[in-house]
Amino acid sequence: MKLLPLSGFLLLSVSPAAAENLVYLKCKNQMTLASTEISTGKLINEEQTREELLYLKIDPVGNRFMTYNPSAENQNNQWDDALISGGRLSAKIVEDNEALNVEGELDIEFQPAGKLRSQVSAIAFGMISSEIEITGDCMAVDESVFDAAQEQSGDN
């Protein structure tokens, strides 16, 4: 008889993120970029490196994820498809428009939180080719950290 009140309490105490099976991560990344002028083959920059933060919202059941990068000018705030299995997310990165052609892969360990790796090739305006490598360490956070990062950027 006491089992019923205990199970009711447990159901009510589950956070909305857990109830929705969403996982939130904060990743500290190092991005290395090397760019070449296509027509001449001239190296424009040799392995520029910078650090950045990336926040992720992962929906393992829906095989999708959303990213938020505070240093990016444009945010898409949309779900992207992924292959999610065994606590690991893998996704193809593809963008093809008049200005930019991007192809790459993203791999994230999220249960438990671990490494982020990404390899991307990009061509801008048909003139500049860039190779981008991103490596990072991720830590689990809750929904409020993801939301606060988005709100803080909106205030700037």
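Just above, that's the structure.
So, here's what we can say about the structure. (Residues numbered from 1 in each chain as written. Predicted model: local features only at pLDDT ≥ 70, side-chain atom pairs only at ≥ 80, totals over all residues. Heavy atoms only, no water.)

1. Details of the nonpolar core
Nonpolar side chains in soluble globular proteins tend to end up buried together. Basically, it comes down to this: Think of a nonpolar core as a cluster: buried Ala, Val, Leu, Ile, Met, Phe, Trp, Tyr and Cys residues, connected wherever their side-chain atoms sit within 4.5 Å. Note on classification: 1.4 Å probe, protein chains only; a residue is buried when its accessible area is under 20% of the maximum for its type, exposed when over 50%, partly exposed between these limits. Helix numbering and strand numbering both begin at the N terminus, where a helix is a DSSP run of H or I of at least 4 residues and a strand a DSSP run of E of at least 2. Contacts: residue pairs with any heavy atoms within 4.5 Å of one another.
Leu25, Leu56, Ile58, Leu89, Ile108 and Leu116 are the most contacted members of the largest nonpolar core, which has 22 residues in total. Elements with a contribution of two residues or more to this core: β1 (23–37), β2 (43–59), β6 (88–96), β7 (100–110), β8 (113–124) and β9 (128–141). Discounting chain neighbours no more than four positions away, the residues touching Leu116 are Cys27, Asn29, Leu54, Leu56, Leu106, Asp107, Ile108, Ile134, Thr135, Gly136 and Cys138. Core analysis: the second largest hydrophobic core is formed by 8 residues, Tyr24, Tyr68, Val141 and Phe146 among them.

2. Observations concerning the packing of aromatic side chains
To keep things clear, this is the line we draw: Between 30 and 60 degrees the pair is tilted, below 30 it is stacked and above 60 it is edge-to-face, where a pair is any two Phe, Tyr or Trp rings, Trp via its six-membered ring, whose centres lie within 6.5 Å. When the NZ atom of lysine or the CZ atom of arginine is within 6 Å of a ring's centre and also within 35 degrees of its normal, the charge is said to sit over that ring.
For the coordinates displayed, the defined rule picks out 2 aromatic pairs. Taking 5.7 Å as the distance between ring centres and 55 degrees as the angle between the ring planes, the aromatic pair formed by Tyr24 and Phe146 counts as tilted. Of this pair, Tyr24 sits in strand β1 while Phe146 sits in helix α3 (residues 143–155); the two residues are 122 residues apart in sequence, bridging distant segments of the chain. A residue is classified by how much of its surface remains accessible, and Phe146, at 1% relative accessible area, is buried. Pairing Tyr55 with Tyr68 gives two aromatic rings, centres 6.3 Å apart and planes at 40 degrees, and the pair type is tilted. Placement of Tyr55 in strand β2 and of Tyr68 in strand β3 (residues 64–68) is noted, with a sequence separation of 13 residues between them. Exposure remark for Tyr55: the relative accessible area of 8% places this residue in the buried category. Against the face of Trp79 rests Arg64, its NZ or CZ located 3.9 Å from the ring centre.

3. Considering the pattern of salt bridges
Our working rule: Throughout this description, the term salt bridge denotes a Lys or Arg side-chain nitrogen within 4 Å of a carboxyl oxygen of Asp or Glu.
Inspection of every chain in the model, using the stated rule, returns 8 salt bridges. The residue Arg88 makes a salt bridge to Glu109 at a minimum N-O spacing of 3.6 Å. Taken together, the residues Arg88 in strand β6 and Glu109 in strand β7 connect sequence positions 21 residues apart. By relative accessible area, Glu109 is classed as partly exposed at 22%. Residue Arg117 is joined to Glu109 by a salt bridge in which the shortest nitrogen-to-oxygen separation is 3.6 Å. Here the salt bridges share partners, and the residues they tie into one network are Arg88, Asp107, Glu109 and Arg117.

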